[in-house]
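Next come the chains, spelled out residue by residue.
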Amino acid sequence: MRQSILVWLLFEEDGEVLLARRTDDGKPFAGQWTLPGDLMPEDESDEETLRRFSREVLGVKVLEEEFVETLYLSDRGRNFVTNVFRVGRYEGELRFRKGAYEEARWVEASDLGDEASFPMPADLRALLGVGDRRPPGVPDNRAAWDAISAMYQLKHRLGTDAAHYGPRMPTENDLRLLGDVRGKRVLEIGCGGGQCSIAFAKQGAIATGIDQSAMQLQYARALAAEEGARVEFLEGDITTLTQVKSASQDAVFSAYALGYVEDIATCVAEVARVLKPGGCFVFSVGHPARAMMSEDDPFRVGRSYWDAYQEWEWGPGSGVWMRDWTRTIEDWVDLVRGAGLVIDRVLEPRMLPEAQDESWDDTYPYEQGSLIPTTLIIKAVKP
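So, a few notes on the structure that sits alongside this text. (Residues numbered from 1 in each chain as written. Predicted model: local features only at pLDDT ≥ 70, side-chain atom pairs only at ≥ 80, totals over all residues. Heavy atoms only, no water.)

**A few points about the packing of helix H5 (residues 195-202) against helix H6 (residues 214-227)**
Using the following cut-off: Fitted lines through C-alpha atoms give the axes, limited to the stretch in contact for helices. The angle between two N-to-C directions lies from 0 to 180 degrees. Strands here mean DSSP runs of E at least two residues long; helices mean DSSP runs of H or I at least four residues long; both are numbered from the N terminus. The cut-offs work like this: below 35 degrees is roughly parallel, past 145 is roughly antiparallel, 65 to 115 is roughly perpendicular, and the gaps in between are oblique. Take the far helix as your reference; a near helix turned counterclockwise from it by less than a right angle gives a left-handed crossing, and one turned clockwise gives a right-handed crossing. Whether two residues are in contact is decided by their heavy atoms, any of which lying within 4.5 Å being enough. Only Asp, Glu, Lys and Arg are considered charged in this grouping, and only Ala, Val, Leu, Ile, Met, Phe, Trp, Tyr, Cys and Pro are considered nonpolar; every other residue, Gly among them, is considered polar.
At their nearest, the axes of H5 and H6 sit 10 Å apart, and the two run at 30° to each other. Relative to H6, H5 is oriented roughly parallel. Of the two elements, H5 crosses H6, and the hand of that crossing is right-handed. In this structure, H5 contributes Gln195, Ile198 and Lys202 to the contact, and H6 contributes Tyr219, Ala220, Leu223, Ala224 and Glu227. Considered class by class, the residues forming the contact of H5 with H6 number 5 nonpolar, 1 polar and 2 charged.

Below you can see the structure in the form of structure tokens.
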């Protein structure tokens with residue numbers, strides 16, 4: 001999948017930016033204006049690609065570059081992780097050699113508002129200071145997950161050997177909150193790409209996963225087939241669980257999905273309904289302490305502990321907006337007890353230093369997670 005990584009170069013001089021237009025048959029983004037750049041080959045790093053491209057196509061030697069932003073773009077059914085670098089210093093005279101591009105020119109930001117003259121990906125236009133990434137109205141979480149599913153799975157590559165609880169957290173193989181799942185019916189709500197459900201199935205469970213995103217489920221079914229795991233994946237609303245019979249499940253599991261549920265009281269009550277007596281509900285959510293921290297400075301408080309609702313953009317430049325609710329620990333205790341369940345465990349694990357995963361660096365930095373809890377895990381039992 002490395003061939004889906006693009007490297008774009010941002011050259012700026014006197015208030016203008018260097019843009020290049022691809023030939024009509026060039027891919028990706030045929031006939032559109034973009035920043036000059038190239039697909040990153042498997043045997044190169046971002047920096048090696050930008051320096052090679054600058055030398056071969058633009059005729060200059062890049063002496064200094066600075067990462068600006070990552071855009072998550074799609075074109076003709078293909079997804080691209082696009083890393084944008086600002087060129088600070090270069091040696092030589094810029095000259096454009098035709099190839100995949102038809103022409104190049106310096107353009108003022110004010111001119112980019114003319115979409116007819118400068119057709120380009122909307123997120124690039126927003127990055128260059130023209131237009132607004134944020135769509136009107138309330139964010140649609142289902143549509144958002146459909147939009148980012150491929151990028152999310154490509155970026156994080158979650159494993160299927162153990163159910164996960166969150167970034168850099170101990171897994172279910174470590175915590176054993178569900179116990180031995182062999183022969184048990186395990187329902188995962190908000191299963192996403194299905195990795196946890198597949199892990200349960202590989203450990204002998206009769207596993208079912210439910211999610212609202214058709215694209216996430218498409219990925220989950222393909223992954224289960226690849227892993228040789230038998231899992232029933234259902235598309236549906238995890239708030240109501242209408243597709244699941246009462247008292248049919250030995251365990252209900254959820255990892256980082258309940259924060260997207262608005263009517264959480266109904267959701268937890270439905271979990272209690274589908275559990276067998278003695279069955280357990282194990283779930284993880286983002287810790288409310290972490291939710292307080294500023295996006296700009298992970299070590300500074302930026303919002304109230306009791307400020308539950310927020311709308312946010314998935315990945316700077318993605319143009320995909322979501323909404324979620326961060327409940328307090330008190331809220332979760334009341335919700336679980338109100339559904340008639342008995343709390344058995346409350347965990348606030350430290351991040352594991354050995355579980356370093358660079359794909360989470362931009363959102364779950366280890367330096368922050370070593371100081372405050374980032375994930376809350378609760379186990380409850382139906383009497």
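**Some points on the packing of aromatic side chains**
What counts is decided by this rule: Note on aromatic contacts: the rings of Phe and Tyr and the six-membered ring of Trp form a pair at centre separations within 6.5 Å, being stacked when their planes are under 30 degrees apart, edge-to-face when over 60 apart, and tilted otherwise. We call a residue buried when its accessible area falls under 20% of the maximum for its residue type, exposed when it is over 50%, and partly exposed in between, using a 1.4 Å probe and counting protein chains only. Over a ring means this: the NZ of a Lys or the CZ of an Arg is within 6 Å of the ring centre and within 35 degrees of the ring normal.
All chains considered together, the criterion is met by 18 aromatic pairs. Look at phenylalanine 29 and phenylalanine 80: their rings are 5.8 Å apart centre to centre, the planes differ by 50°, and that puts the pair in the tilted class. Taken together, the positions of phenylalanine 29 in the loop between strand E3 (16-22) and strand E4 (33-34) and phenylalanine 80 in strand E7 (residues 78-91) put the pair 51 residues apart, joining distant regions of the chain. Note on accessibility: phenylalanine 29 and phenylalanine 80 belong to one class, buried. Relative to tyrosine 364, the ring of tryptophan 360 lies with its centre 5.8 Å away and its plane at 85°, an arrangement referred to as edge-to-face. Members of the aromatic cluster, each reached through a chain of ring pairs, are Trp145, Tyr152, Tyr256, Tyr260, Trp360 and Tyr364. Looking at arginine 290, its charged tip hangs above the ring of tyrosine 364, at a distance of 3.8 Å from the centre.

**Remarks on the sheet that holds strand E1 (residues 5-10)**
What counts is decided by this rule: For two strands to pair, DSSP has to find at least two bridges joining them.
Strand order in the open sheet formed by 4 strands is E5-E1-E7-E6, and the pairing between neighbours is mixed. Each end of this open sheet is capped by a strand with a single partner; those strands are strand E5 (37-39) and strand E6 (61-75). On average, adjacent strands in this sheet sit at an angle of 20° to one another, irrespective of strand direction. Here E1 runs beside E7; their pairing, made up of 6 bridges, is parallel. By the bridge assignment for E7, tryptophan 8 is matched with valine 84.

**Structural notes on a negative patch on the surface**
This is how the line gets drawn: Surface patches are drawn from residues lacking salt bridges whose relative accessible area is over 30%; two like charges belong together within 9 Å, two nonpolar side chains (Val, Leu, Ile, Met, Phe, Trp, Tyr) within 5 Å. Using a 1.4 Å probe, the Shrake-Rupley method yields the accessible areas, and only the shown protein chains count as cover for residues. Between Lys or Arg on one side and Asp or Glu on the other, a salt bridge is scored when a side-chain nitrogen of the former is within 4 Å of a carboxyl oxygen of the latter. The sign given to each residue is positive for Lys and Arg and negative for Asp and Glu; His and the chain ends receive no count. By convention, charge coordinates are those of NZ in Lys, CZ in Arg, CG in Asp, or CD in Glu.
On the surface, Glu42, Asp43, Glu47 and Glu48 cluster together to form a negatively charged patch. Inspection of the secondary structure assignment puts glutamate 42 in the loop between E5 and helix H1 (46-58). Relative accessible area serves as the criterion here: at 63%, glutamate 42 is assigned to the exposed category.

**Quick word on the packing of helix H3 (residues 141-156) against H6**
At a minimum axis distance of 7 Å, the contact between H3 and H6 shows a crossing angle of 35°. Taken together, the residues of H6 that come into contact with H3 (itself represented by Trp145, Asp146, Ser149 and Gln153) are Ala214, Met215, Gln216 and Tyr219. Its residues assigned to classes, the contact of H3 with H6 shows 4 nonpolar, 3 polar and 1 charged.

**A word on the pattern of salt bridges**
When the charged atoms of two side chains with opposite charge come close together, those side chains can pair. Going through the model one piece at a time under the given rule, you end up with 21 salt bridges. Linking arginine 89 and glutamate 64 is a salt bridge whose minimum nitrogen-to-oxygen distance equals 3.3 Å. Placement of the pair is arginine 89 in strand E7 and glutamate 64 in strand E6, with a sequence separation of 25 residues. Judged by relative accessible area, arginine 89 falls into the partly exposed class, the value being 44%. One salt bridge in this structure joins aspartate 361 and arginine 168, with 2.5 Å as the shortest N-O distance. Here arginine 168 lies in the loop between H3 and helix H4 (172-175) and aspartate 361 lies in the loop between strand E16 (342-347) and helix H10 (366-369), a separation of 193 residues in the sequence. Put simply, Arg21, Glu102, Glu103 and Arg105 are held in one network by salt bridges that share partners.

**Some thoughts on the side chain of threonine 160**
Note the following rule: Polar contact criterion, stated in full: a pair of N or O atoms within 3.5 Å, where within protein one must be able to donate a hydrogen and the other to accept it, and residues adjacent in sequence count only if both atoms are side-chain atoms.
Turning to its location among the elements, threonine 160 is positioned in the loop between H3 and H4. In this structure the side chain of threonine 160 is engaged in a polar contact, spanning 3.1 Å, whose partner is the side chain of lysine 202. In this structure the side chain of threonine 160 is engaged in a polar contact, spanning 3.1 Å, whose partner is the side chain of glutamate 227. In contact with threonine 160, other than residues within four places in its own chain, are Gln195, Ile198, Ala199, Lys202, Leu223 and Glu227.

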